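Observations on the three-dimensional arrangement
What follows is each chain in one-letter form.
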Amino acid sequence: MQFFFIPSPLVGSVPPPRSVQKKSAFVGHLSIDIIKHQMQREWKEALSTSHYSQPNNMEYEMAMEWCLLQSRSKLWWNKFYKIQGEELRKLKANLKLK
């Protein structure tokens, strides 16, 4: 038994070069150049923000309301402790008399 090998022509081609701008089809597989470019653009477009509360935002309003409620609460507790102290003094005075 004898096999004959018939050579077939070899066909090939050179693929076109990949563009850097072309995005990958897989999620999470980004080119380093694209990420670097995005970071540079974000830094250029970033706005400077204050580290302190400003009077023109909601955070400031909430902080001022919290301070007001805190001071009211402190006054209520002080009044409560004063009344409770007076009641305790009266109770002790009544116990000593008997």
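The shown structure was predicted, so the numbers you read here are calculated from the model rather than taken from an experiment. (Residues numbered from 1 in each chain as written. Predicted model: local features only at pLDDT ≥ 70, side-chain atom pairs only at ≥ 80, totals over all residues. Heavy atoms only, no water.)

**A closer look at the overall build of the protein chain**
Within the protein chain one finds two helices and zero strands. By residue count, 1% of the 98 residues in the protein chain fall in the buried class. Element-wise, carbon and sulfur atoms account for 63% of the exposed surface of the protein chain, whose accessible area totals about 11000 Å². (Helix = DSSP H or I, 4+ residues; strand = E, 2+ residues; numbered from the N terminus. Buried < 20%, exposed > 50% of the residue type's maximum accessible area, 1.4 Å probe, protein only. Areas by Shrake-Rupley, 256 points an atom, 1.4 Å probe, with all protein chains shown as cover.)

**Quick look at the packing of aromatic side chains**
In the structure shown here, the tally under the stated rule is three aromatic pairs. Grouping aromatic residues by their ring pairs yields a cluster made of Trp-77, Phe-80 and Tyr-81. (Phe/Tyr/Trp six-rings, centres within 6.5 Å; stacked < 30°, edge-to-face > 60°.)

**Description of a nonpolar patch on the surface**
Side chains of Ile-35, Met-39 and Trp-43 sit close together on the surface and give an oily, nonpolar patch of about 360 Å² of accessible area. The topology assignment puts Ile-35 in helix H1 (residues 32-45). (Patch = residues over 30% accessible without salt bridge, like charges linked within 9 Å, V, L, I, M, F, W, Y side chains within 5 Å. Salt bridge = Lys/Arg side-chain N within 4 Å of Asp/Glu carboxyl O.)

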